[in-house]
Amino acid sequence: MKKFCTMLLSLIIFVMPLSAHAMPAPLSRVNSNVKILENSNIQIVSYEAYHKVESNITKTNVTLILKNTGEEALSRFTMGIPSDLLEGSIPVNEIEVYMDGAQQQLTSRRDKTGEDSSFTDLPRNWLTWRFDLEPEEHKVIEFSYETENQFENGIHMVFLSFESLKAWSATPQNIQFTLDFGDTTPYMFSPNPSFPPHEYDGRGRLTWRYYNSYPHAYNEVYYQSMDQLASEYLNAQAANDRLIGDIVEAFTNKSYDKAIERIDEYLNTNTESSLKYELLYLKAISHKSLQQHSEAIVLFDQLDNQYLFGDNGESFRNRIVYEKYTYMKSNQASNVDMYNYLDSATSYVMSSSIFLMWMEEELKSIEPPPTPEPTPAPTETGSLENSDSTSDKDDELITSVNIGGYEIAVEIIFIGILVLIIVLILIVRRKKRRRNRGYLFR
């Protein structure tokens, strides 16, 4: 069953209508028609595209810098934007081109590239304009267009084509394109894009950058309507259950009080329902939509590590992680608690590359400071040093003196000097006494 669902999802993605974005191409004239000019002398110096993804349409603005790398002047150079992509299934609308401060007049010409070309995704027609470009001259071209956003089964895809880059001369110095989905959430980008972005702002902007290199020929970026996926899953799993149908209808119509009431009634009488956790998820989202965040968090806690919504389960688990983390953040939980929760959640967020990018950036922003090491207890190193220095000084004291080849202790010399002083004092006193006696007998 799981393998069948995976194959079904892949088939849905393959056949679903897409939102596509067109890369301009150098062209050569074939009577009133045109074909792609391979090995052109014109180089793309820089290509920067901004794709604003709205609810029903995507608006694209491009700034393109060209350079003539040839040695001979091109009197008239033809350039074009495809009028449609993917075998005409996706029309490119509202095309406007500006060059040298003036809007260019566009002419629709049929494509006559031919089957022997290396390019595969060719439009029926090209919207073309012509201009002069001297050797080594640069030209700045700005153009814009719109495509309709279409989706199926809750999954959208933006299709980016860069195949025609190979027709231009040399290697582009700078290629940059940004998809801006507005203020959205990181868990909606699933399945993964063909090639992960080089930069993600944590909300709705995905950016790819290439310097002196080519991007891949195609990049497919998917995004989901989580509420629609949940509703369609429940309807598919309980197609004949009228009560489930009523719950989904109330939820889809944003009658959240009614949806909560119906879910409680259903689970009270169907305690062993195989859709219990999916219904609790719908109930949690209903509470959150009514700004009843604490009630929603209680339900999200019950859904941790539960298997939800079949093959799309990881996307729903990612949303639960996101909702719980943002609730902690809005309630000023400590960085340590938020870090520990988000870090533990990485163990079961396995394959969603953009959601993992968001988690890694959040973990960096709230990483707690390292735990300080305990201050070591004071030691008696100082007193030992003092005693050592004292003993060194004692070792340096003179303990004996060499006199006439004999080592005589300092103490003996000191005693001898003291005795000599005493003897001298006694001799002096005796002499004074003798003098005094002589005066008496004169």
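None of the values given here were measured: they were computed from a predicted structure. (Residues numbered from 1 in each chain as written. Predicted model: local features only at pLDDT ≥ 70, side-chain atom pairs only at ≥ 80, totals over all residues. Heavy atoms only, no water.)

**Section: the overall build of the protein chain**
Tallying secondary structure elements over the protein chain gives 11 helices and 21 strands in all. In the protein chain, buried positions account for 41% of the 442 residues. Put simply, 71% of the contacts in the protein chain that link residues at least 6 apart link residues at least 24 apart. If you sum the accessible surface of the protein chain, you get close to 25,300 Å²; carbon and sulfur atoms cover 51% of it. (Helix = DSSP H or I, 4+ residues; strand = E, 2+ residues; numbered from the N terminus. Buried < 20%, exposed > 50% of the residue type's maximum accessible area, 1.4 Å probe, protein only. Contact = heavy atoms within 4.5 Å. Areas by Shrake-Rupley, 256 points an atom, 1.4 Å probe, with all protein chains shown as cover.)

**Comments concerning the sheet that holds strand 17 (residues 199-200)**
One open sheet accounts for 8 strands, arranged 10-9-13-5-4-16-18-17; its pairing is mixed. Two strands bound the open sheet, and with one partner strand each, they are strand 10 (102-103) and strand 17. The pairing of strand 4 (residues 42-53) with strand 5 (residues 57-68) spans 11 bridges and is antiparallel. Within strand 5, the residue paired with Tyr50 across the bridge is Asn61. (Pairing = 2+ DSSP bridges.)

**What about the nonpolar core?**
Residues Tyr47, Ile141 and Tyr281 are the most contacted members of the largest nonpolar core, which totals 93 residues. Not counting residues within four places of it along the chain, the set of residues in contact with Tyr47 comprises Ala22, Met23, Pro24, Val62, Thr63, Leu64, Phe143, Phe162, Asn174, Ile175 and Gln176. With 7 residues, the next largest nonpolar core counts Val34, Ile36, Trp126 and Ala167 among its residues. (Core = buried A, V, L, I, M, F, W, Y, C linked by side-chain atoms within 4.5 Å.)

**Points about a nonpolar patch on the surface**
Taken together, the side chains of Phe414, Ile415, Leu418, Val419, Leu420, Ile422, Val423, Leu424, Leu426 and Ile427 define a hydrophobic patch exposed on the protein surface, amounting to about 950 Å² of accessible area. Mapping Ile422 onto the fold places it in helix 11 (residues 410-440). Note on Ile422: relative accessible area 46%, which makes it partly exposed. (Patch = residues over 30% accessible without salt bridge, like charges linked within 9 Å, V, L, I, M, F, W, Y side chains within 5 Å. Salt bridge = Lys/Arg side-chain N within 4 Å of Asp/Glu carboxyl O.)

**Quick look at the packing of aromatic side chains**
Per the counting criterion, the structure on display carries 19 aromatic pairs. Here the aromatic rings of Phe177 and Trp208 are separated by 5.2 Å at their centres, their planes lie at 15°, and the arrangement is stacked. Of the two residues, Phe177 sits in strand 16 (residues 174-180) while Trp208 sits in strand 18 (residues 205-211), which places them 31 residues apart along the sequence. When sorted by exposure, Phe177 lands in the same class as Trp208, which is buried. Feature note: the residues Tyr187, Tyr322, Tyr325, Phe355 and Trp358 constitute an aromatic cluster, connected by ring pairs. We note Lys166 situated over the ring of Tyr214; from NZ or CZ to the ring centre the distance is 3.9 Å. (Phe/Tyr/Trp six-rings, centres within 6.5 Å; stacked < 30°, edge-to-face > 60°. Lys NZ or Arg CZ within 6 Å of the ring centre and 35° of its normal.)

**Brief notes about the side chain of Asp111**
The topology assignment puts Asp111 in the loop between strand 11 (107-110) and strand 12 (125-133). The buried charged residue Asp111 lacks any salt bridge, with Lys112 as its nearest oppositely charged partner at 8.4 Å. At a separation of 2.6 Å, a polar atom in the side chain of Asp111 contacts the side chain of Thr113. Leave out the neighbours within four places in its chain, and Asp111 touches Val34, Lys35, Leu122, Pro123, Arg124, Asn125 and Trp126. (Lys, Arg positive; Asp, Glu negative; His and termini not counted. Polar contact = N/O pair within 3.5 Å; in protein donor to acceptor, adjacent residues only side chain to side chain.)

**What to know about the confidence of the model for the protein chain**
As a general rule, the predicted coordinates of low-pLDDT regions are not to be interpreted in detail. Here the protein chain averages 83 in pLDDT, while 82% of its residues score no lower than 70. Of all the helices and strands in the protein chain, helix 1 (residues 2-15) carries the lowest mean pLDDT, 38, while helix 5 (residues 276-289) carries the highest, 96. Counted against residues more than four places away or in other chains, residues 1-18, with its pLDDT under 50, gives 21 contacts. Low confidence marks residues 389-395, where pLDDT is under 50. Its contacts with residues over four positions away, or in another chain, come to 0 contacts. (pLDDT = per-residue confidence, 0-100.)

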